Amino acid sequence: MDKEKFLIKGLAGSRTLEGEIPVGGAKNAALKVIAASLLFKDDVELKNVPNIEDIKKLIELVRDIGFGAVSSKEHSYIISPKDRISTVLSPEIAKKIRSSVVLTGPLLARTGRVVFPHPGGCIIGARPIDFFLKSYEMMGAKIKETKDKYIIEAKDGKLIGAKIFLPIPSVTVTETIMMAGVLAKGVTTIRNAALEPEIEELAKFLNKCGANIQGAGTSTVIVRGGPLLKTGGVPLSIMPDRIEAGSFLILAALAGKDVTVTQCNPDHIEALVDVLRRSGVKIDIEKSSLRVTCDSRNKKKEFQSLDIKTHEYPGFPTDLQAPMTVFLTQAVGESLVHETIFEGRLAYAESLEAMGADITPMDPHRMLVKGATPLHGKDLESPDLRAGLAFVLAAIVSKGNSTVHNVYNIDRGYESVEKRFAKIGVDILRVSE
Ligand code: EPZ
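Quantities reported herein were computed from a predicted structural model and do not represent experimental measurements.

A look at the site of the ligand
Logical step 1: The ligand sits among 24 residues. The nearest are Lys 32, Asp 130, Ser 170, Thr 172 and Asp 319.
Logical step 2: In this structure, Asp 130 approaches the ligand through a side-chain N or O atom, which is 2.7 Å from a nitrogen atom.
Logical step 3: The backbone of Phe 131 places a nitrogen or oxygen atom 2.9 Å from an oxygen atom of the ligand.
Logical step 4: Relative to its free-state accessible area of 830 Å², the ligand is covered by the protein chains to the extent of 91%.
Logical step 5: Elements that contribute at least two residues to the shell around the ligand include exactly helix H1 (27–36), helix H5 (130–138), helix H6 (171–183) and helix H12 (385–397).
Logical step 6: Its residues assigned to classes, the shell around the ligand comprises 11 nonpolar, 5 polar and 8 charged.
Logical step 7: Summarising the domain contributions, the shell around the ligand has at least three residues from each of domain 1 (4–24 + 240–432) and domain 2 (27–237).

Re the packing of aromatic side chains
Logical step 1: Evaluated as defined, the whole model comprises 4 aromatic pairs.
Logical step 2: Measuring from ring centre to ring centre gives 5.6 Å for Phe 40 and Phe 205, while their planes differ by 25°; the resulting arrangement is stacked. Highlighted residues: Phe 40 in the loop between H1 and strand E3 (44–47) and Phe 205 in helix H7 (residues 197–208), separated in sequence by 165 residues. The burial state of Phe 40 is the same as that of Phe 205; both residues are buried.
Logical step 3: Ring geometry for Phe 248 and Phe 421: centres 5.6 Å apart, planes at 75°, overall edge-to-face. Highlighted residues: Phe 248 in helix H8 (residues 242–255) and Phe 421 in helix H14 (residues 417–423), separated in sequence by 173 residues. Here the two residues Phe 248 and Phe 421 agree in accessibility, since each one is buried.

Things to note about the nonpolar core
Logical step 1: Met 178, Leu 206 and Ile 213 are the most contacted members of the largest nonpolar core, which totals 78 residues.
Logical step 2: For Ile 213, the contacting residues outside a window of four places in its chain are Met 178, Val 182, Ala 203, Leu 206, Asn 207, Val 221, Ile 222 and Val 223.

What to know about the pattern of salt bridges
Logical step 1: Taken as a whole and judged by the stated rule, the model has 20 salt bridges.
Logical step 2: Several salt bridges share partner residues, and in doing so they unite Glu 4, Asp 411, Glu 418 and Arg 430 into one network.

Some words on a negative patch on the surface
Logical step 1: On the surface, Glu 334, Glu 350, Glu 353 and Asp 358 cluster together into a negatively charged patch.
Logical step 2: Tracing the sequence through the fold places Asp 358 in strand E20 (residues 358–363).

A short note on the domain arrangement of the protein
Logical step 1: The domains assigned to the protein are domain 1 (4–24 + 240–432) and domain 2 (27–237).
Logical step 2: Between the C-alpha centres of domain 1 and domain 2 there is a distance of 31 Å.
Logical step 3: Counting residues at the interface gives 22 residues for domain 1 and 22 residues for domain 2.
Logical step 4: When domain 1 packs against domain 2, the two sides together hide about 1,800 Å² of surface, and 52% of this comes from carbon and sulfur.

Observations regarding the sheet that holds E3
Logical step 1: Judged by pairing direction, the sheet is mixed, and its 4 strands sit side by side in the order E4-E5-E3-E13 without closing on themselves. Of all the strands in the sheet, the pair left with one neighbour each is strand E4 (68–70) and strand E13 (236–237).
Logical step 2: Across 3 bridges, the pairing between E3 and strand E5 (residues 77–80) is antiparallel. Its bridge partner being in E5, Leu 46 is matched across the sheet by Tyr 77.
Logical step 3: Along the sheet face, helix H2 (residues 53–64) touches E4 and E5 and points at about 25° away from the line of E5.

Criteria and cut-off values
Residues numbered from 1 in each chain as written. Predicted model: local features only at pLDDT ≥ 70, side-chain atom pairs only at ≥ 80, totals over all residues. Heavy atoms only, no water. Near = heavy atom within 4 Å. Polar contact = N/O pair within 3.5 Å; in protein donor to acceptor, adjacent residues only side chain to side chain. Areas by Shrake-Rupley, 256 points an atom, 1.4 Å probe, with all protein chains shown as cover. Helix = DSSP H or I, 4+ residues; strand = E, 2+ residues; numbered from the N terminus. Nonpolar A, V, L, I, M, F, W, Y, C, P; charged D, E, K, R; others polar. Domains from an automatic or database assignment. Phe/Tyr/Trp six-rings, centres within 6.5 Å; stacked < 30°, edge-to-face > 60°. Buried < 20%, exposed > 50% of the residue type's maximum accessible area, 1.4 Å probe, protein only. Core = buried A, V, L, I, M, F, W, Y, C linked by side-chain atoms within 4.5 Å. Contact = heavy atoms within 4.5 Å. Salt bridge = Lys/Arg side-chain N within 4 Å of Asp/Glu carboxyl O. Patch = residues over 30% accessible without salt bridge, like charges linked within 9 Å, V, L, I, M, F, W, Y side chains within 5 Å. Lys, Arg positive; Asp, Glu negative; His and termini not counted. Charge placed at Lys NZ, Arg CZ, Asp CG, Glu CD. Buried area = accessible area lost by both parts, 1.4 Å probe. Pairing = 2+ DSSP bridges. Axes fitted to C-alpha atoms, helices over the stretch in contact; angles between N-to-C directions.

Take a look at the structure:
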């Protein structure tokens, strides 16, 4: 994978972007449905799967344990179960993406065993997996930890349903244990479960294929275990990516004259719409699109500062915190940004300060943003996918040229984002380093 960078010519605060920007399939839904394919007896056909790095890596992992996985056409996959599959997740691949840990639930539930490497933390935090391990133990599994991997074996090869309380409503733990419960013996109850819409969508799909899951999308999920699932040949189309939709809406608010974010579900980004509207952004909402207009008369329309605090769904999503901070640098007044979910998700602010933003870190979870400050173009290194996207937004509103390096990080979560940005008028080019 040769390294690439984005060259961006800033708009210096003018609002000239016009047109439609379509949203792709949700990364954080597709990753879990691919993992769920391990619960099936027959082929699982998926549509509207985003063509992004994390998906490619997880497909590699599923192939590596022996499942078939072919991409018949763009954004589609057919995943075929095989009888003889490995219970060992390849460390080389698994260590590259945190979400590989989601495979452990279905694989353990199907085969009675799973071996996988410490997923390792990442730039936004330690990303521990203690809740996964504790839940497996409560479902009767034995866990052996060596210096570089975990060996987990279900008692007599079969997980037993258990009543599990999550200390934190973890998204992937909720999804992974819900999937494991589908093949476990008896009933699994998850209390203090996460409420993300991707969880409800996953359960709906599994129930259509023979699972018995109640309460997904609420804080109590009840799973009655049963046999392997069957799609009966009915394909699943992945839901729209609410974090893409939110990221694009923030771009429209920052630099849009008349921009419509399409093929999305506005209900899934209520917290962001509420914040942007309170700041003064004009947003018209249709069934599957949001339109931002800023009449050219008051091109210098000012947005009001306000505090944002990230929170589990339906609160303000942590994955939109960095893009939102870029918006707040252009709002008039002081805004407190409080990141409650991850302990390392504010580091990117230093680069925004180098572009002219006035940001005062207060502790690992909070910083004060004073606006509105004009930004100037810089050489930027994208640290993780959401901060990387935030740097692209900052470069677009800046005066002068910027380079965003390490575009691989952005490609992990946004498919060919430069093509969609260029179509509404952003001057952005992808070139090799
Ligand atoms: C999911 O991560 C998403 N990833 C993240 O999106 C998202 O930021 C996060 O949910 C919060 O919404 C996927 O769905 C693949 P958590 P997840 O478990 O499930 C702690 C992106 O940019 N925790 O809800 O890993 C954890 O450290 C990514 O698309 C434990 O302590 O997040 C965190 O502080 C980034 N022990 C808190 O829970 C555990 O065993 C919430 O994290 C598991 C988690």
